[in-house]
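Read off the chains here:
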Amino acid sequence: MCEFKTFDTAWCPGCGNFGILKALKRALTELGKKPHEVVISSGIGQAAKTPHYISVNGFNGLHGRAVPAGAAIKIANKDLTVIVESGEGDTYGEGGNHFIHNVRRNVDIAHFVHNNQIYGLTKGQASPTTAKGQKTGIQTMGVLHEQFNPLAVAITMGATFVARSFSGNEEHLVSMMKAAIEHKGYALLDIMQPCITYNKVNTFKWYKDRVKPIDESYSPTDKFEAYKLAHQWGDDGIPIGILYKKEEPTYIDKIEFLKQGEPLVDRKLDPKNAEKYMADFR
Amino acid sequence: MDYNILIGGSAGQGVDTVGTFVEKALKRMGYYVFSNKDYMSRIRGGHNFTLVRFSDNPLCAHKDDVDVIIALNEETVRVHREKLTPNGKVVCDVAFGKEDDKNLNLPLKEAAKNAGNPKVMGSAAVGATLKLFGIQTAKLEEFLNEVYDGEILAANLKAVEEGYKMVDTIFQTTPPPGEDKHILINGNEAVALGTVAAGCTFYSAYPMTPATGIMSYLAKLQEDANIVVEQAEDEIAAIIMALGASYGGVRAMTGSSGGGFALMVEAMGFAGIGEIPLVVAEVQRPGPATGLPTRTEQADLKFIINCSQGEFPLMVIAIRDVQDAFYQTTRAFNLAEKYQMPVVIVSDQYLADYYQTVEPFDFSKVTIDRQLAGEEAINSDGVYRRYSLTENGISPRIIPGKIENQLVFVDSDEHDEEGHITESAQVRVEMVNKRMKKLEELKKELQEPVKVGEEKGKTLLVAWGSTYGPLKEATERLVSEGISVTSLIFGDIWPLPEKEFIELAKTAEKIVNIEGNATGQLKDIIRQQTGVNCVQSILKYDGRAFSSQELYNRIKGEVL
Ligand SMILES: Cc1ncc(C[n+]2csc(CCOP(=O)(O)OP(=O)(O)O)c2C)c(N)n1
Ligand code: SF4
């Protein structure tokens, strides 16, 4: 029984996005979610097309803007399961400001970043996570800038759930997605994903050879340990798993009238209720 | 009877507080009040002033000449003296020293000290001012009792009393027309009140003068009214959050001023193609770029109408005064949901910040018409399609999560009926047609501009938005002198309601546009839409609003 139907995609055969889509369907099914209870908010890019290929509610908005939209959807209706599905260019580049500030907001949404270390949809320019020195059609001298470290940033900002996984490890990815969706608060899951067409460096094999699940004995509660793990990269191995996790009141918990009672969307509206405020102008 | 009081000083000196005392005292006496602010973009220093005009007749604009100046510093006397009417007086402290027939050099500071707090000097000045007009202080005391208590209240009351004793009455006043039944409210607050009345429960914005007042008032109510007021990280996030919330099923709004709105425009187009209901308040200030942050202008109209790339339906309503601000805001929410499109309410600093006494808003006149669909929105094949093609272009809208097994998909890409990305030439044309048809439908319920003056005047004056008040007053004055003028002030401005204008243009000898900008934007829109040209323009772009006197003079001098 798969309620989350399968559709034709516009992705290149062999693209890492397929593994992510498959894992997403499994995660939602295993969590017992029904399609109409789930919303995927996405931006623009190959990754951001994900909601088109799975039967859930979708908000396929603007480049870089999936997170504030997702957050507001959750605030409007706390009964919905809200997932943001987007690329690393979308999230850390164009949407960098929103990424930072939504960590602070801590709205209960799961944010899955398909991190292929390249701009796919616009044909192979460097993204914020492209390795320093890597050449592209635009970065003809090689990328000059430091590589963006999303996990370290999220940990520093106080994100309540920070994890990494790999599109080529379905079991691991499904378990991470489930943990992120079930986490109360903003959950960042950065997913290593090969772009077979435009990123000839970070290939499936490149990731496969380097990703290593975090030791089972690791407890993701120490910010400094998490920070250290977030800085492990490349030939030193790329740790996958939950790096950091903590319990904090979510956005909705912090606002009493949102926390109590029905979702905002279900509240009764009556203009007469506002009449009393005219006293402010007497 | 029509008097004008100017309260001036540097920022931080209490110009606002003193202004409020004067306004509230007069308003609660039962007078009509109109007050506006002129302030600089700085927190301390600079020169700020408030004008409080009062009358026994309704007021809709400020005026320039002043009967009393309350000077909190010496600069105020210097800057504004020449505005005094022949009998005008300056209420100031003895420290300003200069003896002349205008300055009432009063021991205000000393009175404040005697009252126990040097900061209440302004209250002594208010006491003296009320006495100049022979107006009792009881209502002022009532107000002070509501906002202060303890020592500070006692000091204020004492200072008012002391001030009152310092002068004699010199101005003749008519008794107020009756008991005070009005509210005294500004444009931003009226928009905010309309927002709450309309059942909006999500307002996200990024602070920008002069739009911030909307957010401030909503924030004050947020817990009591259960409205989420989120200060976004930037204007892009602000509008996107509002769109997300709207999609999620609540009534949502954002607001900003020109520069902030400039950042929102990509999302405006998204609201258009995504058919997501949205209300946006654009409170204009002079631009471009950062422009004059605390001043006024009406120069964003063409930009708003043309916001975002591509073509999509959009409605723009220019609000004319505070009454309009309230009712049009509630109407904007209904239209946004009915047509599933962005509706922009255009205001400006003048209207945003001026206070006017008006009839209390009638909340029983406000309807919340959400136009949401239920199970009937599901097609015969059992599937809901967000963008189903319909006769009038409006597709039934449901809220995600509310109907078992039905999905709501919105997309910024061109899409098919289900919301999925398409590049089909045929679907593209169908979808563009569908969206544009909504405008045709909307045109049937546009509100014609407000008409003032003669039924069919020889001179036709056209204006929009906040020019309404000053122009109304100027027009009535001209008509009372036997001059044949008609003024049309547009509120609904995009799409442009054309009927009334074309009708009057047929018989008018001269058509003149009056706008707070340098290029005559309304004139261009009128010509583009109707082919009719305004032969002359009265424009103002010094960062200040037209006063009625100024308009009267300019119409007489330049047009007639
Ligand atoms: C405002 C704006 N700027 C630029 C673009 C063009 N654009 C579309 S997708 C994209 C980059 C996507 O990269 P990423 O998020 O890494 O996703 P991927 O395609 O690799 O999955 C860009 C620059 C756009 N659509 N909108
Ligand atoms: S370009 Fe890259 S990211 Fe896009 S579909 Fe192809 S392989 Fe995937």
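All residue numbers refer to positions counted from 1 along the written sequence of the respective chain. A letter from A marks each chain and a number from 1 marks each ligand, given out in the order of writing. Local features in this predicted model are restricted to residues of pLDDT 70 or higher, and side-chain atom pairs are both shown and tallied only at a pLDDT of 80 or more, whereas totals for entire chains, interfaces and linings draw on every residue. With hydrogens and water stripped out, all remaining heavy atoms of the structure feed into the side-chain values.

Asks: I'm lost on the overall build of chain B in this one. Help?
Replies: Only DSSP runs of H or I covering at least 4 residues are called helices, and only runs of E covering at least 2 are called strands; the numbering of each starts at the N terminus. If you tally the helices and strands in chain B, you get 18 helices and 21 strands. The atom set for the radius of gyration is the C-alpha atoms, and the globule formula is 2.2 Å times the number of residues raised to the power 0.38. Taken over the C-alpha trace, chain B has a radius of gyration of 26 Å; the compact-globule value for 560 residues is 24 Å, and the two agree within 12%. When each of the 560 residues of chain B is scored for burial, the buried share is 62%. Each accessible area is a Shrake-Rupley result for a 1.4 Å probe, and residues are judged covered by the shown protein chains and nothing else. Surface exposure of chain B reaches about 20200 Å², of which carbon and sulfur atoms provide 48%. Think of it this way: Lys and Arg go in the positive column, Asp and Glu in the negative one, and His and the chain ends go nowhere. A single reference atom marks each charge: NZ on Lys, CZ on Arg, CG on Asp, CD on Glu. Taking the average location of the 57 positive side-chain charges in chain B and that of its 79 negative ones, the two points are 5 Å from each other. The rule is simple: take the accessible area with a 1.4 Å probe, protein chains only, and divide by the maximum for that residue type; under 20% is buried, over 50% is exposed, in between is partly exposed.

Asks: What should I look at first to understand the site of ligand 2 in this one?
Replies: Whether a residue is near a molecule or strand is decided by its heavy atoms; if any one of them lies within 4 Å of it, the residue is near. Around ligand 2, the surrounding shell consists of Trp11, Cys12, Cys15, Asn17, Gln46, Asn116, Gln193, Cys195, Ile196, Thr197 and Tyr198 of chain A. Residues are sorted three ways: Asp, Glu, Lys and Arg are charged, Ala, Val, Leu, Ile, Met, Phe, Trp, Tyr, Cys and Pro are nonpolar, and all the rest, Gly among them, are polar. Residues belonging to the shell around ligand 2 are distributed by class as follows: six nonpolar, five polar and no charged.

Asks: What's the story with the sheet that holds strand β20 (residues 510-515) of chain B in this structure? I'm lost.
Replies: Where strands meet in a sheet, backbone hydrogen bonds hold them as pairs that are either parallel or antiparallel. Residues and elements named next belong to chain B. Taken together, the five strands give an open sheet; going across it, the order is β16-β18-β17-β20-β21, and neighbouring strands pair in mixed fashion. Strands at the two margins of the open sheet, each flanked by one partner only, are β16 (450-453) and β21 (536-539). For this sheet the average axis-to-axis angle between neighbouring strands, irrespective of direction, equals 25°. Following DSSP output, two strands are said to pair if at least two bridges run between them. Sheet topology note: the β16/strand β18 (residues 485-490) ladder contains four bridges and is antiparallel. Note on definitions: angles span 0 to 180 degrees between N-to-C directions of axes, and those axes are lines fitted to C-alpha atoms, for helices only across the stretch in contact.

Asks: Teacher, can you tell me more about the side chain of His36 of chain A here?
Replies: By secondary structure assignment, the location of His36 of chain A is in the loop between α1 (17-30) and β1 (38-42). Classification of His36 of chain A as buried rests on a relative accessible area of 4%. Nitrogen and oxygen atoms within 3.5 Å of one another constitute a polar contact, given that in protein one can donate a hydrogen and the other can accept it, and given that sequence-neighbouring residues count only through two side-chain atoms. A distance of 3.1 Å separates a polar atom in the side chain of His36 of chain A from the backbone nitrogen of Asn405 of chain B. Each residue touching His36 of chain A, except ones within four places of it in the same chain, is listed here: Asn57 and Leu80 of chain A together with Pro400, Gly401, Ile403, Glu404, Asn405, Gln406 and Leu407 of chain B. In what follows, residue pairs with any heavy atoms lying within 4.5 Å of each other are defined as contacts.

Asks: Can you walk me through the interface of chain B and chain A in this structure?
Replies: Size of an interface: often given as the accessible area lost when the parts come together. Counting from both sides, the interface comprises 70 residues of chain B and, opposite them, 50 residues of chain A. Taken over both partners, the interface formed by chain B and chain A buries close to 4900 Å², and the fraction arising from carbon and sulfur atoms is 64%. The largest contributions to the chain B side of the interface with chain A come from Glu233, Phe363 and Leu407 of chain B, which together make up 13% of the buried area. The rule for a salt bridge is simple: a side-chain nitrogen of Lys or Arg has to be within 4 Å of a carboxyl oxygen of Asp or Glu. For the pair chain B and chain A, the number of links is five salt bridges. Here Glu233 of chain B ties to Arg105 of chain A by a salt bridge, and the two come within 2.6 Å at their closest N and O atoms. For the pair chain B and chain A, the interface holds 25 residue pairs in polar contact (both at pLDDT 80 or more). With nine residues, the single largest contributor to the side of chain B that touches chain A is helix α9 (residues 235-248) of chain B. Of the residues contributing to the side of chain B that touches chain A, the split by class is 37 nonpolar, 16 polar and 17 charged. Alignment of strand β2 (residues 57-60) of chain A against strand β15 (residues 409-411) of chain B, held across three bridges, turns out to be parallel. Pairing of Asn60 of chain A across the sheet is with Asp411 of chain B, part of β15 of chain B. Reported buried area values correspond to the accessible surface (1.4 Å probe) lost by two parts on association, with both partners' losses combined.

Asks: Would you mind going over the environment of Asp362 of chain B with me for this structure?
Replies: Here Asp362 of chain B shows up in the loop between β14 (355-358) and β15. A distance of 2.5 Å separates polar atoms of two side chains, one belonging to Asp362 of chain B and the other to Ser364 of chain B.

Asks: Explain the domain arrangement of chain B here, please?
Replies: Residues and elements named next belong to chain B. An automatic or database domain assignment provides the domain bounds reported here. Domain boundaries in chain B define domain 1 (2-165), domain 2 (184-365), domain 3 (372-445) and domain 4 (450-559). On a C-alpha basis, the centres of domain 1 and domain 4 stand 35 Å from each other. Of the residues lining the interface, six residues belong to domain 1; the matching set on domain 4 comes to ten residues. At the boundary of domain 1 with domain 4, total buried surface from both sides reaches about 600 Å², with 50% on carbon and sulfur atoms. Sorting the residues of domain 1 by area buried against domain 4 places Cys60, His62 and Asp64 first, and these three jointly supply 62% of that buried surface. Linking domain 1 with domain 4 are two salt bridges, by the criterion used here. Between Arg53 and Glu473 there is a salt bridge, and its shortest N-O distance comes to 3.2 Å. At the junction of domain 1 and domain 4, the tally comes to two residue pairs in polar contact (both at pLDDT 80 or more).

Asks: I tried to follow the packing of α9 of chain B against helix α10 (residues 258-274) of chain B on my own but got confused; where do I start?
Replies: For any two helices packed against each other, one specifies the crossing angle of their axes together with the interaxial distance. Residues and elements named next belong to chain B. Contact geometry of α9 with α10 gives a least axis separation of 8 Å together with a crossing angle of 30°. Of the possible angle classes, the one that applies to α9 and α10 is roughly parallel. In the crossing of α9 with α10, the sense of the turn from one axis to the other is right-handed. In this structure, α9 contributes Glu235, Ile236, Ala238, Ile239, Ile240 and Leu243 to the contact, and α10 contributes Gly260, Leu263, Met264, Ala267, Met268, Phe270 and Ala271. In terms of residue class, the contact of α9 with α10 is built from eleven nonpolar, one polar and one charged. In this scheme, roughly parallel covers angles under 35 degrees and roughly antiparallel covers those over 145, while 65 to 115 is roughly perpendicular and the rest are oblique. Two helices cross in a left-handed way if the nearer one is turned anticlockwise from the farther one by less than a right angle. They cross in a right-handed way if the turn is clockwise.

Asks: Explanation requested: the site of ligand 1 in the structure shown.
Replies: Neighbouring ligand 1 are 17 residues, the closest being Gln46, Ala47, Asp90, Gly120 and Leu121 of chain A. Among the chains of the assembly, those with residues near ligand 1 are chains A and B. One nitrogen or oxygen atom from the main chain of Gly89 of chain A is found 3.0 Å from an oxygen atom belonging to ligand 1. Gly120 of chain A is positioned with one of its backbone polar atoms (N or O) 2.8 Å from an oxygen atom of ligand 1. Computed on the free molecule, ligand 1 has an accessible area of 600 Å², of which 79% lies beneath the protein chains in the complex.

Asks: What should I look at first to understand the packing of aromatic side chains in this one?
Replies: How two aromatic rings sit relative to each other is given by the distance of their centres and the angle of their planes. Aromatic pairing here means that ring centres of Phe, Tyr or Trp (its six-membered ring) are within 6.5 Å. Orientation follows from the plane angle: under 30 degrees is stacked, over 60 is edge-to-face, and everything else is tilted. Scanning the entire structure with this criterion turns up 28 aromatic pairs over all chains. When the centroid spacing of 5.1 Å and the interplanar angle of 55° are considered together, the rings of Phe326 of chain B and Phe363 of chain B count as tilted. Residue Phe326 of chain B is located in helix α12 (residues 322-339), and its partner Phe363 of chain B is located in the loop between β14 and β15; the two are separated by 37 residues in the primary sequence. By the burial criterion, Phe326 of chain B is buried, and Phe363 of chain B matches it. Judged by centre distance (4.9 Å) and plane angle (65°), the ring pair of Tyr350 of chain B and Tyr354 of chain B falls under edge-to-face. Take Tyr350 of chain B and Tyr354 of chain B: they sit in the same class, and that class is buried. Each residue in the set Phe166, Phe204, Trp206, Tyr207 and Trp233 of chain A is aromatic and connected to the rest through ring pairs, giving one cluster. Of note, Lys131 of chain B hangs over the ring of Tyr164 of chain B, and the distance from its end group to the ring centre comes to 5.0 Å. Over the face of the ring belonging to Tyr327 of chain B we find Lys365 of chain B, whose NZ or CZ atom lies 5.7 Å from the ring centre. Geometrically, a lysine NZ or arginine CZ counts as sitting over a ring once it is within 6 Å of the ring centre and also within 35 degrees of the ring normal.

Asks: Help me understand the UniProt feature "domain: Thiamine pyrophosphate enzyme TPP-binding" (unreviewed entry) in chain A, please; the structure alone is not making it clear to me.
Replies: According to UniProt, the positions carrying the feature "domain: Thiamine pyrophosphate enzyme TPP-binding" (unreviewed entry) are residues 48-191 of chain A. End C-alpha to end C-alpha, residues 48-191 of chain A measures 13 Å, and it is 34% helix and 19% strand. UniProt positions are given in the numbering used here, feature names are shortened, and annotations may be inferred rather than shown by experiment.

Asks: Hey, could you run me through the UniProt feature "coiled-coil region" (unreviewed entry) in chain B in this one?
Replies: UniProt's entry tags residues 422-449 of chain B with the feature "coiled-coil region" (unreviewed entry), counted in the numbering of this structure. Across residues 422-449 of chain B one finds 68% helix and 0% strand; the C-alpha atoms that close the span lie 41 Å apart.

Asks: Whenever I open this one, the UniProt feature "domain: Pyruvate/ketoisovalerate oxidoreductase catalytic" (unreviewed entry) in chain B confuses me. Can you help?
Replies: Mapped onto the present numbering, the UniProt feature "domain: Pyruvate/ketoisovalerate oxidoreductase catalytic" (unreviewed entry) falls at residues 11-164 of chain B. In residues 11-164 of chain B, helix accounts for 44% and strand for 25%; the two terminal C-alpha atoms are 26 Å from one another.

Asks: Would you take a moment to explain the environment of Thr50 of chain B for this structure?
Replies: All names here are of chain B. In this fold, Thr50 is placed in strand β3 (residues 45-55). Take Thr50: its relative accessible area is 2%, and that puts it in the buried class. What Thr50 contacts, discounting residues up to four positions off in sequence, is Ile5, Leu6, Ile7, Val15, Asp16, Glu23, Asn36 and Lys37.

Asks: I'm lost on the packing of helix α3 (residues 108-115) of chain B against helix α4 (residues 121-132) of chain B in this one. Help?
Replies: All names here are of chain B. Where α3 contacts α4, the two axes come as close as 8 Å, and the packing angle between them is 115°. Between α3 and α4 the crossing geometry is right-handed. Residues Leu108, Lys109, Ala111 and Ala112 of α3 touch α4, and the partners they reach there are Met121, Ala124 and Ala125.

Asks: Got a minute to help me understand the pattern of salt bridges in this structure?
Replies: It is possible for side chains bearing opposite charge to pair when their charged atoms get close. Counted according to the given criterion, the structure contains 55 salt bridges over all chains. Here Glu500 of chain B ties to Lys451 of chain B by a salt bridge, and the two come within 3.5 Å at their closest N and O atoms. In this pair, Glu500 of chain B is assigned in helix α16 (residues 499-507) and Lys451 of chain B in strand β16, connecting sequence segments 49 residues apart. Members of the salt-bridge network, linked through shared partners, are Lys22, Arg26, Glu30, Glu170, Glu171 and Lys178 of chain A.

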